[in-house]
Amino acid sequence: MTKPNTGHINPQESAASEIKSYATGFVISLILTVGAFAALLSDLPNTWKVVVICTAALLQIVTHMRNFLHLSFSGNQSREDLLLVLFSASLLAIMAGGTWYIMSDLSGRMHQTGESGSSSHRALAAYSNNGKPQQVWLSNVPLSRN
Amino acid sequence: MSENSLYPGLNLGDKHGDAHVQAESTVFGFWVFLMSDLIIFGILFAGYASYLDPIGLAGGPGPKELFDINSVAIQTVLLLVGGVAYAGVSLTVKYGHGRGNLVAWLLVCAAFGAGFLFFEVRDFISQAGKGGTPQVSGWLSSYWTLVGLHGIHVFCGILWIFAMIGQVATRGIDDVVKVRLSMLGVFWHFLDLIWVGIFSFVFLVPLA
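Calculation notes
Residues numbered from 1 in each chain as written. Chains lettered and ligands numbered in written order. Predicted model: local features only at pLDDT ≥ 70, side-chain atom pairs only at ≥ 80, totals over all residues. Heavy atoms only, no water. 1 Å grid on protein atoms, 1.4 Å probe; cavity = no way out; pocket = protein on both sides within 12 Å on 5 of 7 lines; lining within 4 Å. Points joined across faces, edges and corners; volume = space filled by probe spheres on them. Helix = DSSP H or I, 4+ residues; strand = E, 2+ residues; numbered from the N terminus. Nonpolar A, V, L, I, M, F, W, Y, C, P; charged D, E, K, R; others polar. Core = buried A, V, L, I, M, F, W, Y, C linked by side-chain atoms within 4.5 Å. Buried < 20%, exposed > 50% of the residue type's maximum accessible area, 1.4 Å probe, protein only. Domains from an automatic or database assignment. Contact = heavy atoms within 4.5 Å. Phe/Tyr/Trp six-rings, centres within 6.5 Å; stacked < 30°, edge-to-face > 60°. Polar contact = N/O pair within 3.5 Å; in protein donor to acceptor, adjacent residues only side chain to side chain. Buried area = accessible area lost by both parts, 1.4 Å probe. Salt bridge = Lys/Arg side-chain N within 4 Å of Asp/Glu carboxyl O. Expected span 1.5 Å × (residues − 1).

A. Region of the structure containing empty space enclosed by the protein. All names here are of chain B. Applying the stated criterion across every chain yields a total of three cavities of 30 Å³ or more. Empty space within the second largest cavity amounts to approximately 40 Å³. Lining the second largest cavity are Gln75, Glu120, Asp123, Phe124, Gln127, Tyr143, Val147 and Phe203. Mapped onto the lining of the second largest cavity, the elements with two or more residues apiece are helix 5 (99-129) and helix 6 (138-171). For the lining of the second largest cavity, the element with the most residues is helix 5, which contributes four residues. For the lining of the second largest cavity, the per-class residue count stands at four nonpolar, two polar and two charged.

B. Spotlight on the nonpolar core. One finds Leu106, Leu181 and Phe203 of chain B to be the most contacted residues of the largest nonpolar core, which totals 84 residues. When contributions to this core are tallied by element, the ones reaching two or more residues are helix 1 (11-41), helix 2 (46-68) and helix 3 (81-110) of chain A together with helix 1 (18-51), helix 4 (69-94), helix 5, helix 6 and helix 7 (175-207) of chain B. Of the residues forming this core, the biggest block, 21 residues, is contributed by helix 7 of chain B. Shared between two domains, this core takes at least three residues from each, and those domains are domain 1 (1-76) and domain 2 (78-111) of chain A. Excluding anything up to four places from it in sequence, Leu106 of chain B contacts Tyr86, Val89, Ile161, Met164, Ile165, Leu181 and Leu184 of chain B.

C. Broad picture of the layout of surface pockets. In this structure, the largest pocket encloses a volume near 1,200 Å³. Lining of the largest pocket is provided by 43 residues; of these, Ala96 of chain A together with Gly42, Phe45, Ala46 and Phe201 of chain B occupy positions nearest its centre. Every element with two or more residues in the lining of the largest pocket is listed here: helix 2 and helix 3 of chain A together with helix 1 and helix 7 of chain B. With eleven residues, the single largest contributor to the lining of the largest pocket is helix 3 of chain A. Inspection of the lining of the largest pocket shows a minimum of three residues originating in each of domain 1 (1-76) and domain 2 (78-111) of chain A.

D. Structural context of the packing of aromatic side chains. In total, this model carries 17 aromatic pairs over all chains according to the counting rule given. Ring centres 6.1 Å apart and planes at 15° place the aromatic pair Tyr22 of chain A and Phe68 of chain A in the stacked group. A residue pair is termed long-range when its members are at least 10 positions apart, and Tyr22 of chain A in helix 1 and Phe68 of chain A in helix 2 qualify at 46 residues. Overall, Tyr22 of chain A belongs to the buried group, its relative accessible area being 3%. An aromatic cluster is defined as three or more aromatic residues linked by ring pairs; in this entry it consists of Tyr48, Phe67, Phe116, Phe124, Trp139, Tyr143, Trp144, Trp195 and Phe203 of chain B.

E. Inspection of the side chain of Asn67 of chain A at higher detail. All names here are of chain A. Within the fold, Asn67 resides in helix 2. Under the relative-accessibility criterion, Asn67 is labelled buried at 1%. There is a polar contact of 2.8 Å between the side chain of Asn67 and the backbone oxygen of Ser21. Apart from the residues lying within four places of it in its own chain, the contact partners of Asn67 are Ser21, Tyr22, Thr24 and Gly25.

F. Quick look at the domain arrangement of chain A. Residues and elements named next belong to chain A. For chain A, the assigned domains read domain 1 (1-76), domain 2 (78-111) and domain 3 (119-146). Listed as interface residues are five residues of domain 1 and, on the opposing side, six residues of domain 2. For the pairing of domain 1 and domain 2, the buried interface totals around 420 Å² over both sides, and the portion due to carbon and sulfur atoms is 85%. Scanning the region where domain 1 abuts domain 2 turns up zero salt bridges. At the boundary of domain 1 and domain 2, one finds zero residue pairs in polar contact (both at pLDDT 80 or more). The residue inventory of the side of domain 1 that touches domain 2, partitioned by class, reads three nonpolar, two polar and no charged.

G. Highlighting helix 2 of chain A. Residues and elements named next belong to chain A. The terminal C-alpha atoms of helix 2 lie 32 Å apart, and with 23 residues this matches the ideal 33 Å at 1.5 Å per residue to within 8%. Every buried residue of helix 2 is accounted for by Lys49, Ile53, Ala56, Ala57, Gln60, Ile61, Thr63, His64, Met65, Asn67 and Phe68. One or two steps after helix 2, the chain reaches His70, where phi turns positive at roughly 55°.

H. Here's a closer look at unusual backbone geometry. Residues other than glycine seldom take positive phi values, yet His70 of chain A does so here, at roughly 55°. On the basis of relative accessible area, His70 of chain A is assigned to the buried category, the value being 4%. Here the phi dihedral of Ala58 of chain B falls at roughly 50°; this positive angle occurs in a residue that is not glycine. When you line up the elements, Ala58 of chain B lands in the loop between helix 2 (54-57) and helix 3 (63-66). A residue is classified by how much of its surface remains accessible, and Ala58 of chain B, at 42% relative accessible area, is partly exposed.

Structure (structure tokens):
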């Protein structure tokens, strides 16, 4: 998409190709954004909505990196921006993914429904209600987000 | 180092001479800073996802009660257009189309950024009015922190744009200004990229 500026390229031609690159990025982003919102408002099953939204987001992030931030493997680039970004993204995947996994696993272990007799659950309920009449924490909060 | 090997991306081009060479290391340094910013945002995303369950909501208002999907769509379009408008700045500098055009493009970017902030702050106010203040639940704390931090970034970007307009007016488009405008470009496009994550994972996924 991006070409090295060798100085042999006609400036006007080069400007036109850059404008085209930005315009392409803009149109793709717009389509992906509309797609994500349309998926939300559609009658698709929830799982599919989430799949479409996540896919559109990832594709749009790639589009932004390629067309707006001009990150690319091609060309003789000496600045290794893309490698830096990919390295940071892998660190982030470990930290953010790990956080999410540990927290959801912990949540699953501590707040399993049905086991109202479990001592840890009772202790938590008593603690979190802070002297108010014991109420089962989970039963009055809708479990489903939908 | 041959000129051909210089970075082909958001750059100035050979005829900018020293500024083009200087942009190599300076803008790369700015990328390193932005990646630390990316880590902060990423961890906040992970926190938000962790709190998105009944325990995290703690009986407080949830996504369905608080999020206004129309306003999110408007903000998304404003930020996307504002981000793409920075192409006008980059290309004006690169191909030497003069100060007037440059300042005009910068003002366009700032205007879209300000429009975005207007709708975001309006949403925050209405959410607070519906009882969705940050101290109500862990989920709301993480929501305000993540989206608020992005909003502060956009605000800082607008301040930076006005600082650059001042520098263009007083110094002209010299080497220092060119390199700074390149960094501002990376910053401005990066905020747009973070917003893609926010509107998808913070607003749309919980509503799905």
